[in-house]
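Commentary on secondary and tertiary structure
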2 protein chains.
Amino acid sequence: MAATRADVARAAGVSPALVSYVLNGGPRPVSAAARERILQAVEELKYRPNKIAQSLRGSRTHSIAMLMPDHLNPHFAELAQAVENESFANDYMLMIGTTDNDLTRELSYLHSFMDRQVDGLLLISATAHPDVTSITEAGIPVVLLDRAPPGSLFSTVVIDNRQGAFAAVQHLLGHGRKSPVCISGPPDIEAIIQREAGWSDALTASGHSAPLPWRTSLSRQGGYAAMRAILAADVQPDSLFTVSDVQAFGAIRACVEAGQAVPRDISVVAFDGTEAGLFTQPRLTSVDQAVRSIARTAIDTLLGQIRDQDTSPVHHVLRPELRLGESCGCQTQRQ
Amino acid sequence: MAATRADVARAAGVSPALVSYVLNGGPRPVSAAARERILQAVEELKYRPNKIAQSLRGSRTHSIAMLMPDHLNPHFAELAQAVENESFANDYMLMIGTTDNDLTRELSYLHSFMDRQVDGLLLISATAHPDVTSITEAGIPVVLLDRAPPGSLFSTVVIDNRQGAFAAVQHLLGHGRKSPVCISGPPDIEAIIQREAGWSDALTASGHSAPLPWRTSLSRQGGYAAMRAILAADVQPDSLFTVSDVQAFGAIRACVEAGQAVPRDISVVAFDGTEAGLFTQPRLTSVDQAVRSIARTAIDTLLGQIRDQDTSPVHHVLRPELRLGESCGCQTQRQ
DNA sequence: ACCGGCAATCAACACGAGTTGAGGAGTTCA
DNA sequence: TGAACTCCTCAACTCGTGTTGATTGCCGGT
């Protein structure tokens, strides 16, 4: 249906090779007359090179893939948007696969990506299953996000989760809170462990002893259920640190339903700094991940490795900042 | 780097054709002995057919594309997740392009999708620019969402936006509210116009006259800015209908900052029924779009048209339901 | 007149798969 | 014994592109 290079060549009365030369700035000069006729034929036939054929011939698909947990967590949604913007700006097509923490689904997507010959791979908070690395040993450039295995062969882009969490909990304690509990996530995610550690650091640094974190899924429902469990337990916390914004949303909902006011009775600090947290009531105090910086850094290093296949892995560590709302007890401007 | 069909054939001591026969159940029988050796070679070499080559030969890429406004609106994020789940279940790769209401970007993505020979296209709330249809006249199956041009050549999946909005506003009036204002969106989106109409219908049906809607972007910032403008104007509304959940989030934030309690001073009803609205304070009363049904219907019809290229377009209309929270003034269970 | 060199062009191959027409080996039937 | 037929196998073509070795025509130099 669509016109091919041969059609253009026929219409212009030249060989197919010349058409390639003109469109790609081939290695040989082309006479002005031929160039003219070819460009006109391209215009008339609305010819566009078939990317599939180009990929087969050149083994470059100009597409990258990203594996992430889900779209429902606004943090990942924001990350997806930022990464897509960067890909688009660099003229790369982005394919997104969500895993929902299902190893089978994750491997299935990875195989699909390899079969489709993506030029690069972005792995976000994926599980560190050995099969994953065995698949990607095929030599395709990979950048890991939120996960930094020591001495990784892959490039990594992480934020300082431990320091970020530390600063957040320290801020809570600065408000005079004595017993912050922690709602945490799946312990197989490196970033989560680091945030738990930051929370624990802050407590011990102030002479408190850290209780066990309440681990649940990174979701509104998870935060909601965990907070209900906490409130049903005998200890009554005066403050809360969650390792994600969504968990805070759920937890605050649970507090309100139990008649506990936020931040009066329980003050809350979270982690992610999503846009959604700027419009809740009260506004969420949260560690800002600066997703746009993460996305830009990740895409830049990935595309860099695609250009120069054998560069040694780079490890970026970004520094998050605490974004203040009212959920921690601060009185921010009410205009 | 990766093994090819020729490698397998060589390892098994047969011709490449036989390998295809065994793996695809070719049109010719294969002896048990040969089949055995081939399968073993496939196993040993970890052979996986190159999808690029398959696509070039067969002109089927087993991938579909979706064009949507953005990832930041949780409604679209939920829709993306639902569509991706359906695609995955049907073994199709999904490519997502976001437009952010930028016609240039939209056309750019459409061209990219065509160049990559996607098998089908899902257009969500895209602008109805003539260039769009001219591109898609190439014969590739298309399903439109939230947009139903009368007598469209494309299949459509829409919800009854007008009826849904009507029911929502009627519910507001049932609470004794007299002057509901409307925060609306870009008027070039069919669905938005319909929701405005439903709002207007409900007002006139109750003997009220409908003022002009306040049009802004479908975002938290849009709702926030619009509500501030409304509160700054001379008329003081007692209730609000927004054409999207995100706008309600922003608007409620603006109300709270202005000292107006929701739902006491201003009761709110929105449209989308996102999960996020279940965890706000107060919970959002909203018209539930049932994204999973939409996604399933859309993918089913799209894949159907991919299988039978020349089926006539189908038009699905789903019926939304009002999901009650407390933002409208209802006292729902506080458990 | 002859040859070298340059500019311009083209035929042909490769990428990796699916598919088909042809043909070899073996079996059945006359 | 030869013909017809079945069962299996393979070489060869196709998809649409990028690239290269070869070829043509022309010009200038000796």
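Okay, so let's go over this structure.

Calculation rules
Residues numbered from 1 in each chain as written. Chains lettered and ligands numbered in written order. Predicted model: local features only at pLDDT ≥ 70, side-chain atom pairs only at ≥ 80, totals over all residues. Heavy atoms only, no water. Near = heavy atom within 4 Å. Polar contact = N/O pair within 3.5 Å; in protein donor to acceptor, adjacent residues only side chain to side chain. Helix = DSSP H or I, 4+ residues; strand = E, 2+ residues; numbered from the N terminus. Nonpolar A, V, L, I, M, F, W, Y, C, P; charged D, E, K, R; others polar. Axes fitted to C-alpha atoms, helices over the stretch in contact; angles between N-to-C directions. Parallel < 35°, antiparallel > 145°, perpendicular 65-115°, else oblique. Left-handed = near helix turned anticlockwise from the far one by under 90°. Contact = heavy atoms within 4.5 Å. Pairing = 2+ DSSP bridges. Expected span 1.5 Å × (residues − 1). Buried < 20%, exposed > 50% of the residue type's maximum accessible area, 1.4 Å probe, protein only. Arc of directions from axis to C-beta. Phe/Tyr/Trp six-rings, centres within 6.5 Å; stacked < 30°, edge-to-face > 60°. Lys NZ or Arg CZ within 6 Å of the ring centre and 35° of its normal. Least-squares fit on C-alpha atoms with pLDDT ≥ 70 in both.

Things to note about the protein's contact with DNA strand D
By nearness alone, 26 residues border DNA strand D, and Arg 5, Tyr 21, Arg 28, Tyr 47 and Arg 57 of chain A come closest of all. In DNA strand D, the atoms that sit within 4 Å of the protein are 50% sugar and phosphate, with bases accounting for the remainder. Tyr 21 of chain B has a polar side-chain atom sitting 3.1 Å from a base nitrogen of DNA strand D. Every element with two or more residues in the surface near DNA strand D is listed here: helix 2 (16-24) and helix 4 (51-58) of chain A together with helix 2 (16-24) and helix 4 (51-58) of chain B. Here the surface near DNA strand D gets 4 residues from one element, more than from any other, and that element is helix 2 of chain A. Its residues assigned to classes, the surface near DNA strand D comprises 13 nonpolar, 7 polar and 6 charged.

Some points on unusual backbone geometry
Residues and elements named next belong to chain A. Residue Pro 263 is bonded to the preceding Val 262 through a cis peptide linkage, with omega at 10°. Turning to its location among the elements, Pro 263 is positioned in the loop between helix 11 (245-257) and strand 9 (267-272). Each neighbour pair has its own omega, and for Gln 281 with Pro 282 the value is 0°, a cis peptide bond. As for its position among the elements, Pro 282 is in the loop between strand 9 and strand 10 (285-288). The backbone of Asn 101 sits at a positive phi, close to 60°, despite the residue not being glycine. By secondary structure assignment, the location of Asn 101 is in the loop between strand 2 (93-98) and helix 6 (103-115).

Comments concerning the protein's contact with DNA strand C
In the vicinity of DNA strand C there are 26 residues, among which Arg 5, Ser 20, Asn 24, Arg 28 and Arg 57 of chain B approach most closely. Near-protein atoms of DNA strand C (within 4 Å) split between backbone and bases, with sugar and phosphate holding 51%. Interatomic distance of 2.9 Å between a side-chain N/O atom of Tyr 47 of chain B and a phosphate oxygen of DNA strand C. Take Arg 57 of chain B: an N or O atom from its side chain is 2.6 Å from a base nitrogen of DNA strand C. Contributing elements (two or more residues each) for the surface near DNA strand C: helix 2 and helix 4 of chain A together with helix 2 and helix 4 of chain B.

A short note on the packing of helix 1 (residues 5-12) of chain A against helix 3 (residues 32-45) of chain A
All names here are of chain A. Taken N-terminus to C-terminus, the directions of helix 1 and helix 3 make an angle of 125°; their axes are 9 Å apart at the nearest point. Comparing their axes, helix 3 and helix 1 come out oblique. As for the relative orientation of helix 1 and helix 3, their crossing is right-handed in sense. The residues of helix 3 that touch helix 1, namely those facing Asp 7, Val 8, Ala 11 and Ala 12, are Arg 37, Ile 38, Ala 41, Val 42 and Leu 45. Taken together, the residues of the contact of helix 1 with helix 3 break down into 7 nonpolar, no polar and 2 charged.

Describing the sheet that holds strand 8 (residues 239-242) of chain B
Residue and element names in this part refer to chain B. If you trace the 6 strands from one edge of the open sheet to the other, you get 7-6-8-9-10-12, paired in mixed fashion. Two strands lie at the open edges of the sheet, namely strand 7 (214-215) and strand 12 (321-323), each paired on one side alone. In this structure, strand 6 (residues 180-184) lies alongside strand 7, joined through 2 bridges in parallel fashion. Its bridge partner lying in strand 7, Ser 184 is registered against Arg 215. Helix-sheet contacts for helix 11 (residues 245-257) involve strand 6, strand 8, strand 9 (267-272) and strand 10 (285-288), and the interaxial angle to strand 9 is about 155°.

Some thoughts on helix 3 (residues 32-45) of chain B
All names here are of chain B. Over its 14 residues, helix 3 runs 20 Å from end to end, which matches the ideal 20 Å to within 8%, given 1.5 Å per residue. All of the buried residues in helix 3 are Ala 34, Ile 38, Ala 41 and Val 42. Buried residues in helix 3, looked at end-on, bunch into an arc of 100°, giving them a common side. Away from its buried face by more than 90 degrees, helix 3 exposes Ala 32, Glu 36, Glu 43 and Glu 44. Next to the buried residues of helix 3 lie helix 1 (5-12) and helix 2. One or two steps after helix 3, the chain reaches Lys 46, where phi turns positive at roughly 50°.

Let's talk about the packing of aromatic side chains
Throughout the structure, instances matching the rule amount to 6 aromatic pairs over all chains. Summarising the aromatic geometry, the rings of Tyr 224 of chain A and Phe 279 of chain B are spaced 6.1 Å apart at their centres and angled 75° between planes, so their arrangement reads as edge-to-face. Taken together, the positions of Tyr 224 of chain A in helix 10 (residues 220-232) and Phe 279 of chain B in the loop between strand 9 and strand 10 put the pair across two chains. With relative accessibility at 15%, the residue Phe 279 of chain B sits in the buried group. Between the NZ or CZ atom of Arg 105 of chain B and the centre of the ring of Phe 88 of chain A, over which it lies, the distance is 4.5 Å. Here the basic side chain of Arg 195 of chain B rests over the ring of Phe 271 of chain B, its NZ or CZ set 4.0 Å away from the ring centre.

Describing the relation of the copies chain A and chain B
Between chain A and chain B, the superposition needs a rotation of 180° and an axial shift of 0.0 Å, giving an RMSD of 0.1 Å. Such values leave the two copies arranged in the relation of a two-fold axis. Looking at the rotation axis and the C-alpha trace of chain A, the residue lying nearest is Met 95 of chain A, at 2.6 Å. Counting the interface residues of chain A, we find that 100% of their copies in chain B are interface residues as well, pointing to one common contact surface.

Some details on the packing of helix 8 (residues 161-174) of chain A against helix 9 (residues 190-205) of chain A
All names here are of chain A. Where helix 8 meets helix 9, the closest approach of the two axes is 7 Å, and the angle between their N-to-C directions is 40°. As the angle between them shows, helix 8 and helix 9 are arranged oblique. Where helix 8 crosses over helix 9, the handedness of that crossing is right-handed. On helix 9, the residues that touch Asn 161, Arg 162, Ala 165, Phe 166, Val 169, Gln 170 and Leu 173 of helix 8 are Ala 191, Gln 194, Arg 195, Ala 197, Gly 198, Trp 199, Asp 201, Ala 202, Leu 203 and Ala 205. The class makeup of the residues in the contact of helix 8 with helix 9 is 10 nonpolar, 4 polar and 3 charged.

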